[in-house]
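# Architecture at a glance
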Amino acid sequence: METPRPYTYRLADGRYTVSIANRARVEEAIAAACRDLNIRSAAVSGIGAVDEATLRFYNPTTKRYVDRRFEEQMEIAALTGNVSEMDGEIYLHLHVTLGRADYTALAGHLLSARINGAGEIFITPFGAATPRRYDPETGLNIYDFR
Ligand code: FE
């Protein structure tokens, strides 16, 4: 049986408005939309709500990410990021600010999150490729425009 798409979308003026299905994972739905719609380079933004999220913080001294999982209802106050390519695969770089019930905010690199409510995402494709490569100096996969 075919699995249903974790999103629906509409294309207007070269931009995609994507609605992520309730209980779907944010990063998986955005990656699926990029694969299905052949988007390989874009800006991403969005709002919505999640009930579970794993954020990561990059420590430039150790060159390691520290991950932390939060299980509570949170507003996606701001999701921002980009779509690029690395080694021929779609590569998402997403950051998020999440609002908690007490109106404080969590923020960081978004590793994974599950929608609980709405997931309203806007994808603006670029007309040129944005490849990445591993940079040993920073330990990060950075844009490679050389
Ligand atoms: Fe990041």
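Residues numbered from 1 in each chain as written. Predicted model: local features only at pLDDT ≥ 70, side-chain atom pairs only at ≥ 80, totals over all residues. Heavy atoms only, no water.

## Details of the nonpolar core
Formed by 33 residues in total, the largest nonpolar core has its most connected members in Ile20, Val26, Ile30, Val50, Leu79 and Leu98. For this core, the secondary structure elements donating two or more residues are β2 (15-20), α1 (26-36), β3 (42-59), β5 (74-86), β6 (89-99) and β7 (105-125). When neighbours within four sequence positions are excluded, Ile20 is seen to be in contact with Pro6, Tyr7, Val26, Ala29, Ile30, Ile115, Gly119 and Ile121. (Core = buried A, V, L, I, M, F, W, Y, C linked by side-chain atoms within 4.5 Å. Buried < 20%, exposed > 50% of the residue type's maximum accessible area, 1.4 Å probe, protein only. Helix = DSSP H or I, 4+ residues; strand = E, 2+ residues; numbered from the N terminus. Contact = heavy atoms within 4.5 Å.)

## Observations concerning α1
Each full turn of the α-helix corresponds to 3.6 residues, which orients residues three or four apart in the same direction. For α1, a buried count of eight out of eleven residues is recorded, marking the element as mostly surrounded by other parts of the structure. Along α1, the residues classified as buried are Val26, Glu27, Ala29, Ile30, Ala31, Ala32, Ala33 and Cys34. Buried residues along α1 sit in contact with β1 (7-12), β2, β3, β5, β6 and β7. Positive backbone phi, approximately 55°, marks Asn38, located one or two places after α1.

## Describing the coordination of the iron ion
Protein coordination at the iron ion: the donors are His93 (NE2), His95 (NE2) and His109 (ND1), at 2.2 to 2.3 Å from the metal. We note that the donor set of the iron ion lies within a single chain, spaced as H-x1-H-x13-H. Within this pair, whereas His95 is found in strand β6, its partner His109 is found in strand β7, the two being separated by 14 residues in sequence. (Donors = N, O, S within 2.8 Å, 3.2 Å for Na, K, Ca; no water.)

## Observations concerning unusual backbone geometry
In this structure, Asp13 is a non-glycine residue whose phi angle is positive, near 55°. Structurally, the position occupied by Asp13 is in the loop between β1 and β2. Phi angles above zero are rare outside glycine, and Lys63 is one such case at about 55°. Summarising the element assignment, Lys63 is placed in the loop between β3 and β4 (64-70).

## Section: the side chain of Asp51
As for its placement among the helices and strands, Asp51 is situated in strand β3. Relative accessible area serves as the criterion here: at 15%, Asp51 is assigned to the buried category. Within polar-contact distance, the side chain of Asp51 engages the side chain of Arg23 at 2.6 Å. Here Asp51 is in contact with Arg23, Phe70, Glu71, Glu72, Gln73, Arg114 and Asn116, once residues within four sequence places are set aside. (Polar contact = N/O pair within 3.5 Å; in protein donor to acceptor, adjacent residues only side chain to side chain.)

## Things to note about the pattern of salt bridges
Side chains that differ in sign of charge can pair as their charged atoms come close. Evaluation of the coordinates by the stated rule reveals twelve salt bridges. As a salt-bridge pair, Glu85 and Arg40 come within 2.8 Å of each other at their nearest N and O atoms. With Glu85 in strand β5 and Arg40 in the loop between α1 and β3, this pair connects stretches of sequence that are 45 residues apart. Across the pair Glu71 and Arg69 runs a salt bridge, and its minimum N-O distance is 3.0 Å. Counted as one network, the salt bridges with shared partners bring together Arg25, Glu27, Glu52, Arg69 and Glu71. (Salt bridge = Lys/Arg side-chain N within 4 Å of Asp/Glu carboxyl O.)

## Topic: a nonpolar patch on the surface
Among the surface-exposed residues, Phe126, Tyr143 and Phe145 lie close enough to one another that they form a single nonpolar patch of about 310 Å² accessible area. Mapped onto the fold, Tyr143 is located in strand β9 (residues 140-143). For Tyr143, a relative accessible area of 30% puts it in the partly exposed group. (Patch = residues over 30% accessible without salt bridge, like charges linked within 9 Å, V, L, I, M, F, W, Y side chains within 5 Å. Areas by Shrake-Rupley, 256 points an atom, 1.4 Å probe, with all protein chains shown as cover.)

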